[in-house]
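Given next are the chains, with one letter for each unit.
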Amino acid sequence: MLDVAALEFPTSAVVAGWWRQLAPWHCDSLWVGHLFWRRIETLVQIETVRKLEPFLHLILQSLTLPGAPSGREAPQTLARQLRFPEAILRQALRTLENDGLYDVAVGAITEAGRQALAQGCYRQRHWQRRTLTLLERWTDPDPSATEPIWLPIDAATATNWPAPAWDDTALRRGLNQSEDAKRRTGFPLDVVALADAAPPDIPSWQRITLVRPEKTLAVLTLGRHAAGERVLAFAARTLGPLPSTTPCLQANGSFRRLAPELMPETTDADVRSAFVAWCRQNHCPAADIPIVSWQLHGV
């Protein structure tokens, strides 16, 4: 289990130095905390949109014309009709077959091929290993009660942490979301299947999922730019300046609404608590603390 009490935080003087470092980013607000995530390297099926090449477009088009050849003798007949070398034509038909646009068994164009002719492009699927980054949520003991957040994090100061045992529930939830939900939570839109749906010809070692739990102290900032609010995170250390002013995480303003526990609203009680702690550290008379008043603006 993670010992939260062992987490270290910087002093106010260190944070003030960070604020000056981040001035070029025009930040309106700043939070300091520990980010936890898991890097998940796993086998997934990717769907991409490919443009239909002119030569392949010509071949498909010829297969839809009246009197077009079909059956196993189609390549030879088509080669004579188009006056192409048969070897080149067979290679083109093999490419079309691999992409699901031509059925060599019946020697005819497929429905996907007809759609490719009409649209000038087609969807192609292939299997590859992909690394996804899942941000850890601590707001509820039941992980299913919060949406998983998938955002790339690149923190050079990251270290390991003793994460609970991994299961693929979060992956499946991400995959089965609507397209709008995937855009909101950052799940890759081009991922359409997980390793258990892979065909048997893919080696078993490629189906293995590797999970690396990582964490870092981070500064999260909220600022504005041309497209609206922007959230940036910078990896940090408890002492000294920020190692880098290049963000390790970037998101739009919806990130704060999606994960409010990471960037909570500041309240009067928060300000009073911080002020009282500062007074005690600076040995102010306890009797003078209650008479001090303040007002919270634009935080």
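Residues numbered from 1 in each chain as written. Predicted model: local features only at pLDDT ≥ 70, side-chain atom pairs only at ≥ 80, totals over all residues. Heavy atoms only, no water.

## Here we look at the overall build of the protein chain
- Along the protein chain, the regular secondary structure elements total 9 helices and 10 strands.
- The C-alpha atoms of the protein chain give a radius of gyration of 28 Å, which is well past the 19 Å a tight globule of 299 residues would have.
- For the protein chain, the C-alpha atoms occupy an extent of roughly 100 × 40 × 35 Å along the three principal directions.
- For the protein chain, with 299 residues in total, the buried portion stands at 37%.
- Here the protein chain displays about 17,500 Å² of accessible surface, and carbon together with sulfur accounts for 54% of that area. (Helix = DSSP H or I, 4+ residues; strand = E, 2+ residues; numbered from the N terminus. Rg over C-alpha atoms; globule rule 2.2 N^0.38 Å. Buried < 20%, exposed > 50% of the residue type's maximum accessible area, 1.4 Å probe, protein only. Areas by Shrake-Rupley, 256 points an atom, 1.4 Å probe, with all protein chains shown as cover.)

## A word on a nonpolar patch on the surface
- Where nonpolar side chains cluster on the molecular surface, the patch consists of Trp-205, Ile-208 and Leu-210 and spans about 330 Å² of accessible area.
- Relative to the helices and strands, Leu-210 is located in strand β8 (residues 210–225).
- Judged by its relative accessible area of 42%, Leu-210 is partly exposed. (Patch = residues over 30% accessible without salt bridge, like charges linked within 9 Å, V, L, I, M, F, W, Y side chains within 5 Å. Salt bridge = Lys/Arg side-chain N within 4 Å of Asp/Glu carboxyl O.)

## Things to note about the environment of Thr-185
- Note that Thr-185 resides in helix α7 (residues 179–185).
- In sequence terms Thr-185 and Val-276 are 91 residues apart; their C-alpha atoms lie 38 Å from each other.
- Ignoring anything within four residues of it in the chain, the contact list for Thr-185 reads Glu-147, Pro-148, Ile-149, Trp-150, Gln-177 and Leu-258. (Contact = heavy atoms within 4.5 Å.)

## A short note on the side chain of Gln-124
- With respect to the helices and strands, Gln-124 occurs in strand β4 (residues 121–135).
- The exposure class of Gln-124 is buried, given its relative accessible area of 18%.

## Comments concerning the environment of Arg-94
- Here Arg-94 is to be found in helix α4 (residues 86–98).
- The spacing of Arg-94 and Val-104 is 10 residues in sequence and 8.0 Å in space, taken between C-alpha atoms.

## Concerning empty space enclosed by the protein
- Applying the stated criterion across every chain yields a total of 1 cavity of 30 Å³ or more.
- When contributions to the lining of the largest cavity are tallied by element, the ones reaching two or more residues are β8 and β9 (228–236). (1 Å grid on protein atoms, 1.4 Å probe; cavity = no way out; pocket = protein on both sides within 12 Å on 5 of 7 lines; lining within 4 Å. Points joined across faces, edges and corners; volume = space filled by probe spheres on them.)

## Notes on the packing of helix α2 (residues 54–64) against α4
- At their nearest, the axes of α2 and α4 sit 10 Å apart, and the two run at 90° to each other. Classified by the angle their axes make, α2 and α4 are roughly perpendicular. On α4, the residues touching Phe-55, Leu-56, Ile-59, Leu-60 and Leu-63 of α2 are Ile-88, Leu-89, Ala-92, Leu-93, Thr-95 and Leu-96.
- Classifying every residue of the contact of α2 with α4 gives 10 nonpolar, 1 polar and no charged. (Axes fitted to C-alpha atoms, helices over the stretch in contact; angles between N-to-C directions. Parallel < 35°, antiparallel > 145°, perpendicular 65-115°, else oblique. Nonpolar A, V, L, I, M, F, W, Y, C, P; charged D, E, K, R; others polar.)

## Quick notes on the pattern of salt bridges
- On inspection of all chains with the given rule, the structure shows 12 salt bridges.
- Arg-183 serves as the salt-bridge partner of Glu-179, at 2.8 Å between the closest nitrogen and oxygen. Here Arg-183 and Glu-179 lie together in helix α7, a separation of 4 residues that amounts to about one turn.
- Its salt-bridge partner being Arg-256, residue Glu-265 comes within 3.4 Å of it at the nearest N-O pair.
- Each of the salt bridges in this network shares a partner with another, and the network as a whole consists of Glu-47, Arg-123 and Arg-125.

## Observations regarding the confidence of the model for the protein chain
- Model confidence for the protein chain is summarised by a mean pLDDT of 85, while 90% of its residues fall at 70 or above.
- Per-element mean pLDDT across the protein chain ranges from 75 in helix α3 (residues 74–82) up to 95 in strand β7 (residues 191–194). (pLDDT = per-residue confidence, 0-100.)

## Focus: the environment of Leu-194
- Structurally, Leu-194 is set in strand β7.
- The sequence separation of Leu-194 and Asp-168 amounts to 26 residues, and the corresponding C-alpha distance is 9.6 Å.

## Section: unusual backbone geometry
- Located in the positive-phi region is His-26, a residue other than glycine, with phi close to 55°.
- For His-26, the location among the structural elements is in the loop between α1 (12–21) and β1 (27–51).

## Remarks on the nonpolar core
- One finds Leu-35, Leu-135, Leu-220, Phe-255, Leu-262 and Met-263 to be the most contacted residues of the largest nonpolar core, which totals 22 residues.
- Elements supplying a minimum of two residues to this core: β1, β8, β9, β10 (249–252) and α8 (254–258).
- Leave out the neighbours within four places in its chain, and Leu-220 touches Ser-29, Leu-30, Trp-31, Leu-35, Leu-232, Ala-233, Phe-255, Leu-262 and Met-263.
- Judged by nonpolar contacts, the second largest core, of 18 residues, contains Leu-52, Leu-63, Ala-79 and Ala-92. (Core = buried A, V, L, I, M, F, W, Y, C linked by side-chain atoms within 4.5 Å.)

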